[in-house]
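# Remarks on the overall topology
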Amino acid sequence: MRIDCKHVWGYISAYIDGEVDADLRAEIDKHLETCEICSAVLDSTRNVVVLVSDGRVFELPAGFSQRLHARLDRELELSGPS
Ligand SMILES: [Zn+2]
């Protein structure tokens, strides 16, 4: 199975929560080793999760995830299909 960036983004919160199965996790790990964009997404998503689980009142702004994905789509286009 081959996954691309959009698959990784779709799975990223499940990945952080440890809710993806071993095969998928291995594929995502492999992808993250070679993809700077997804590594950055993972880092920033982790930061959000940490804030939430810290017990502080923290709400994602409405549309946060749509805006993030739109931005990623743009960066992906700029960096080419590789
Ligand atoms: Zn990627």
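By convention here, each chain's residues receive numbers from 1 onward along its written sequence. Per-residue local features are limited, in this predicted model, to residues with pLDDT of at least 70; the limit for side-chain atom pairs, both in listing and counting, is 80 or more; totals at the level of whole chains, interfaces and linings are taken over all residues. Hydrogens and water molecules were not included; the side-chain quantities draw on all heavy atoms of the structure.

## Thoughts on the overall build of the chain
Labels follow the DSSP assignment, with helices taken as runs of H or I lasting at least four residues and strands as runs of E lasting at least two, numbered in each case from the N terminus. Check the secondary structure of the chain and you find four helices and zero strands. The secondary structure elements of the chain, listed N-terminal to C-terminal, are α-α-α-α. Buried, partly exposed and exposed residues are distinguished by accessible area as a fraction of the type maximum, computed with a 1.4 Å probe on protein chains only: under 20%, between the cut-offs, and over 50%, respectively. Residue burial in the chain is summarised as follows: out of 82 residues, 24% are buried. Here, Shrake-Rupley sampling with a 1.4 Å probe gives the accessible areas, and only protein chains in the shown set may cover a residue. Looking at the chain as shown, the accessible area adds up to about 6000 Å², and 53% of this sits on carbon and sulfur atoms.

## Quick word on the coordination of the zinc ion
A donor here means any N, O or S atom no more than 2.8 Å from the metal (3.2 Å for Na, K and Ca); water is not included, so a site may seem to lack partners. Bound to the zinc ion on the protein side are C5 (SG), H31 (NE2), C35 (SG) and C38 (SG), at distances that span 2.0 to 2.3 Å. A four-donor site is called tetrahedral if each angle lies between 85 and 135 degrees; a four-donor site is square planar, and a six-donor site octahedral, when trans pairs exceed 155 degrees and the remaining angles lie between 65 and 115; all other cases are labelled irregular. In this structure, the zinc ion is coordinated by four donor atoms arranged in tetrahedral fashion, with angles at the metal of 104 to 112°. Read N to C, the donor residues that coordinate the zinc ion are spaced as C-x25-H-x3-C-x2-C. On the criterion of sequence distance, the pair formed by C5 in helix α1 (residues 5-16) and C35 in the loop between α2 (22-34) and α3 (36-53) is long-range, its members being 30 residues apart. A relative accessible area of 12% places C5 in the buried class. Of the residues examined, C35 reaches a relative accessible area of 12% and is grouped as buried.

## Describing α1
The span expected for a helix works out to 1.5 Å for each residue beyond the first. Counted at 1.5 Å a residue, the expected span for α1 with its twelve residues is 16 Å, and the 16 Å between its end C-alpha atoms agrees. What α1 keeps buried is the set C5, V8, W9, I12 and Y15. In an axial view of α1, the angular spread of the buried residues amounts to 125°, which keeps them on one side of the axis. Taking the helix axis as origin, the arc is that swept by the directions to the C-beta atoms.

## As for the packing of aromatic side chains
For any pair of aromatic rings, geometry is given as the distance between the ring centres together with the angle between the planes. Aromatic pairing here means that ring centres of Phe, Tyr or Trp (its six-membered ring) are within 6.5 Å. Orientation follows from the plane angle: under 30 degrees is stacked, over 60 is edge-to-face, and everything else is tilted. Under the defined criterion, the tally for this structure stands at zero aromatic pairs. Just above the ring of Y15 sits the side chain of R25; from NZ or CZ to the centre is 4.4 Å. Over a ring means this: the NZ of a Lys or the CZ of an Arg is within 6 Å of the ring centre and within 35 degrees of the ring normal.

## Remarks on the confidence of the model for the chain
Averaged over the chain, the pLDDT score is 80; the fraction of residues at 70 or greater is 76%. Values of pLDDT, ranging from 0 to 100, describe the predictor's confidence in every residue of the model. Within the chain, the element-level pLDDT minimum falls on helix α4 (residues 64-79), averaging 76, and the maximum on α2, averaging 95.

## Overview of the nonpolar core
What makes a nonpolar core is a set of buried Ala, Val, Leu, Ile, Met, Phe, Trp, Tyr and Cys residues whose side-chain atoms join them at distances within 4.5 Å. In terms of nonpolar packing, the biggest core is built from 16 residues, with V8, W9, I28, L32 and C38 touching the most fellow members. Taken together, the elements giving at least two residues each to this core come down to α1, α2 and α3. Discounting chain neighbours no more than four positions away, the residues touching C38 are C5, V8, W9, I12, H31 and L32. When checking whether two residues touch, look at their non-hydrogen atoms; a contact exists if any pair is within 4.5 Å.

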